[in-house]
Amino acid sequence: MEKHQDEKKRHNEHEHHNHQDHQHVHSHVDHGSHGHDHGIHGGHGHHDHGDMVEDFKKRFFISLIVTIPILALSPMIQDFMGVDWRFVNDQYILFVLSTFVFFYGGWPFIAGGISELKDKNPGMMTLIGLAITIAYVYSSFVVFGWKGHNLFWELATLVDIMLLGHWIEMRSVMGASNALEKLVQLMPNEAHKLDENDEVHEVPISELKHEDRVLVKPGEKIPVDGTILDGKSTVDESMLTGESVPVEKGKKDEVIGGSVNNEGSLTIQVEKTGEASYLSQVITLVKEAQESKSRTQDLTNRAAKWLFYLALGAGFATLFIWLTLGYPLYVAIERMVTVMVITCPHALGLAAPLVVAVSTALSANKGLLIRNRANFENARNLNAVVFDKTGTLTEGKFGITDIIPSEGFSEEEVLVWGASLEQNSEHPIAAGIVKSALDQSIALKSITEFNSITGKGIEGIIEGKKVNAVSPGFVNSNNMDYDKQKFNEMSEVGKTVIFVLLDEELIGMIALADIIRESAKEAISELKEKGVHSIMLTGDNEKVAHWVAKQLDIDEVYAEVLPDDKANKVKEIQSKGWKVAMTGDGVNDAPALATADLGIAIGAGTDVAMETADVVLVKSNPKDVVDLMDLSKKTYQKMVQNLWWATGYNIFAIPLAAGILAPIGIILSPAVGAVLMSLSTIIVAINAKLLKA
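About the thresholds
Residues numbered from 1 in each chain as written. Predicted model: local features only at pLDDT ≥ 70, side-chain atom pairs only at ≥ 80, totals over all residues. Heavy atoms only, no water. Helix = DSSP H or I, 4+ residues; strand = E, 2+ residues; numbered from the N terminus. Contact = heavy atoms within 4.5 Å. Areas by Shrake-Rupley, 256 points an atom, 1.4 Å probe, with all protein chains shown as cover. Pairing = 2+ DSSP bridges. Buried < 20%, exposed > 50% of the residue type's maximum accessible area, 1.4 Å probe, protein only. Axes fitted to C-alpha atoms, helices over the stretch in contact; angles between N-to-C directions. UniProt positions renumbered as here; feature names shortened; annotations may be inferred. Phe/Tyr/Trp six-rings, centres within 6.5 Å; stacked < 30°, edge-to-face > 60°. Lys NZ or Arg CZ within 6 Å of the ring centre and 35° of its normal. Expected span 1.5 Å × (residues − 1). Salt bridge = Lys/Arg side-chain N within 4 Å of Asp/Glu carboxyl O. Polar contact = N/O pair within 3.5 Å; in protein donor to acceptor, adjacent residues only side chain to side chain. Patch = residues over 30% accessible without salt bridge, like charges linked within 9 Å, V, L, I, M, F, W, Y side chains within 5 Å. Lys, Arg positive; Asp, Glu negative; His and termini not counted. Charge placed at Lys NZ, Arg CZ, Asp CG, Glu CD.

**Digging into the overall build of the protein chain**
A count of helices and strands for the protein chain gives 28 helices and 22 strands. The long-range fraction of contacts in the protein chain, counting pairs at least 24 apart against all pairs at least 6 apart in sequence, stands at 71%. Carbon and sulfur atoms provide 56% of the accessible area of the protein chain, an area that totals close to 28,900 Å².

**Focus on the pairing of strand β5 (residues 233–236)**
Note that β5 and strand β6 (residues 247–249) share three bridges and pair antiparallel. Note on β6: the bridge partner recorded for T234 is E248. Across two bridges, β5 lies against strand β8 (residues 260–261) in antiparallel orientation. Bridge pairing in β8 links V235 to N261.

**Some thoughts on the pairing of strand β17 (residues 505–516)**
When you tally the buried positions in β17, you get 10 out of 12 residues, the bulk of the element. Pairing of strand β12 (residues 394–405) with β17, which is carried by eight bridges, proceeds in the antiparallel orientation. From the neighbouring strand, D402 faces β17, where its bridge partner is A511. Taken together, the seven bridges between strand β16 (residues 496–502) and β17 define a ladder with antiparallel strand orientation. Opposite V497, over in β17, you have A511 as the bridge partner. The hairpin turn running from β16 into β17, its antiparallel successor, is two residues long, and D503 in that turn takes a positive phi close to 50°.

**Quick word on helix α23 (residues 542–552)**
Within the sequence span of α23, burial applies to V544, A545, W547, V548, A549 and L552. In the stretch just after α23, D553 is the one whose phi turns positive, near 65°.

**Let's talk about the sheet that holds strand β10 (residues 368–370)**
Taken in spatial order, the seven strands line up as β10-β22-β21-β20-β11-β18-β19 in an open sheet, and their pairing is mixed. Edge positions in the open sheet fall to β10 and β19 (556–558), since each of these has one partner strand only. Neighbour-to-neighbour, the strand axes of the sheet open up by a mean angle of 20°, direction not taken into account. Relative to β19, strand β18 (residues 533–537) is paired through three bridges, and the arrangement is parallel. Considered in β19, the bridge of I535 is made with E556.

**A word on the UniProt feature "transmembrane region" (unreviewed entry) in the protein chain**
Sequence positions flagged by UniProt for "transmembrane region" (unreviewed entry) are, in local numbering, residues 60–77, 92–114, 126–145, 151–168, 306–330, 336–364, 643–666 and 672–691. Annotated as residues 92–114, this span is 96% helix and 0% strand, and its ends, taken at the C-alpha atoms, are 28 Å apart.

**Thoughts on the sheet that holds β6**
Read across the open sheet, the three strands follow the order β6-β5-β8; overall the sheet is antiparallel. Looking at the sheet topology across the chains shown, the edges are occupied by β6 and β8.

**What about the packing of aromatic side chains?**
Considering all chains together, one arrives at 20 aromatic pairs under this definition. Aromatic pair F141 and W146: ring centres 5.3 Å apart, planes at 25°, arrangement stacked. F141 sits in the partly exposed class, given a relative accessible area of 44%. Of the residues examined, W146 reaches a relative accessible area of 34% and is grouped as partly exposed. A connected cluster of aromatic rings, assembled from ring pairs, spans Y92, F95, F102, F103, Y136, F144 and F152. Positioned over the ring face of Y636 is R380, at 3.2 Å from the centre of the ring. The lysine or arginine in question, K484, covers the ring of Y482, its NZ or CZ lying 4.6 Å from the ring centre.

**A look at unusual backbone geometry**
One non-glycine residue, E211, adopts positive backbone phi at about 75°. By the element assignment, E211 lies in the loop between β2 (200–204) and β3 (213–216). Positive phi, normally seen in glycine, also occurs at E560, with a value near 55°. Looking at the element boundaries, E560 is found in the loop between β19 and α24 (566–574).

**Topic: helix α8 (residues 124–143)**
Each α-helix winds once per 3.6 residues, and so residues spaced three or four apart point in a common direction. If you check α8, its first and last C-alpha atoms are 28 Å apart, about what 20 residues at 1.5 Å a residue would give, namely 28 Å. Within α8, 17 of the 20 residues are buried, which leaves the element mostly enclosed by the surrounding structure. Positive phi shows up at G145, right after α8, with a value of about 125°.

**Side note on the pattern of salt bridges**
Counting across every chain of the model gives 18 salt bridges. The salt bridge involving D212 is made with K193; its shortest N-O contact spans 3.7 Å. Here D212, found in the loop between β2 and β3, pairs with K193, found in strand β1 (residues 190–194); they are 19 residues apart in sequence, far enough to count as distant. Here K193 falls in the partly exposed class, since its relative accessible area comes to 27%. Close ionic contact of E492 with K543 constitutes a salt bridge, the shortest N to O distance being 4.0 Å. Linking E492 in helix α21 (residues 484–492) with K543 in helix α23, this pair joins segments that are 51 residues apart in sequence. One connected set of salt bridges, linked through shared partners, spans D388, K566 and D589.

**Notes on the environment of G584**
Structurally, the position occupied by G584 is in strand β20 (residues 580–584). Overall, the relative accessible area of 0% leaves G584 in the buried class. C-alpha of G584 to C-alpha of V386: the two residues are 198 residues apart in sequence and 8.5 Å apart in space.

**A look at the side chain of N150**
One can find N150 in the loop between α8 and α9 (152–172). Given the relative accessible area of 5%, N150 is considered buried. Side chain to side chain, N150 and Q91 meet in a polar contact 2.8 Å long. Within the local environment of N150, its side chain forms a polar contact with the backbone nitrogen of F152, the two atoms lying 3.3 Å apart. Discounting residues that sit within four places of it in the chain, N150 has contacts with S74, P75, M76, Q91, L94, S139 and V142.

**A word on a nonpolar patch on the surface**
There is a patch of nonpolar side chains on the surface, built from V137, F141, W146, L323 and L329 and spanning about 440 Å² of accessible area. Turning to its location among the elements, W146 is positioned in the loop between α8 and α9.

**Observations concerning a negative patch on the surface**
Taken together, the side chains of E211, D253, E254 and E271 make up a negatively charged region of the molecular surface. When you line up the elements, E271 lands in strand β9 (residues 266–272).

Structure below.
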């Protein structure tokens, strides 16, 4: 499931303790996506991320409460505070409390560290796991008789801060739920199957076979890929193919499972079911694209990896040098432990999460929901932004672009009669005409009769006059005279032209097109200023695409791209060595969103697009793409600064802890190390808060 794959990408370091669950879930997806098995809806996917956030929260608070007595009982902290609270067997109580924090609070890190080592990829988990294990084992020996100072307080505070860091991080990264599940939900559960006597039986989709006949009523989703045997209707395929206009379908036409039947009843012969269906193939493509997406490792994890090697190297070097200088084993080991524990900076665990929390809050205020942090952070490197046309650069709704009145009539008259008639129609084109009239504060006339004439358009009686809104075919078959050159110009750029007749006389043409978003123009010009290439990718025809591109001044256009080919086009653009963002809103965009370096979903789009994306633009404003890149850059800079603050103190602390100044009597006690550590943690926290959008 995408959620889990995403989670693995983002939280690679702290998810490994959940590994078996992942395997179960992956097998669950395969099962769900290949058979349209609606068992996938069982909600298994939704709770896991939330459970992990809750788990870290609970572990943090419980460990924090137990840490208070650990600090009070630690001799080193008492010395530091200048108090003496020692009593008989106090160290055994300290040992029991610390054992609890080590195993309960530290477990995710120990399990994660083991998992990282198995993958031969040590990172944050291994570093924390190493530090707390060394502190625990060494301190336990001290309690039971070794010479030295116990470091249980170090162990407990480290566990607390790391749990807090992971909790903040996971909570602030929006929990990704499941694209594949949403895709499956596009399919209705049941179909109206017709038997030999044309009687309707409700059957689960999984029982439909090749060449079965099903009935689809107006307003229902088409359950399977098939061919129309009987009936005529317009079918809304925009969710699946990105085609903005509902497609007229009649006998022998093919229909896609998951599209919506708008008007008439259809009898469909089943052609493809299960794995062979279009939607199943999209599901498979999304899954493949998600799995093949590179796992961008967190900066923190890379820093942790080097610190892990540094801790090991410095620790053993310290042990070896002190032994060589003739010191007793317990002194050498205490130095080694101090070095290794100090190398694991508390601040490193908060360096990224705090910046993420601040940048996630800032982005949410701007209407950007970040779902994949690693890919969002890389948005600063983008060279190209690919826009889907319908619903992204355009609004996916019809608006009037031209009114061409016949001689003797005004534009307003054509619009009044046309809109008054269309107010009774449910068609998207009608809605566009009526809205344009209302936007101009035109009062519509009332209709007394209204009919829809198949293949001819609509007619009605308004103020005693007969009004028709008809197609070009009707006008041509009745040899009516109109401006053919103007008509052809409008048709060529994909405009839909409606002819308005008043008492059988042609009074004018109304041309409609998908409305271009104003914000899209601004977005593209701002991207140009940044030197980012803008590209349009659409399933719509070449002329429509070029007309829209010309209005927007877009650099490059790929038109008539089949939905399952969009992801390949993105790969083609990536093959130039470019980092590519894809912006889209339909199911047909989902594989491309998952393939791109950054998938951006327009918020008003489909759930599936939003689930597959790395970032969702809530306000459906393409201009937010520019803000997104800016915020990504600032977030990254803050993270780098924080990592320097978090790890920079190691440059001073490690040599001091190792005893480089021992010859002149300066040895860094773990307590002073802890103060340095706290300072770097505070600096990191303040620096993160200074991030501004």
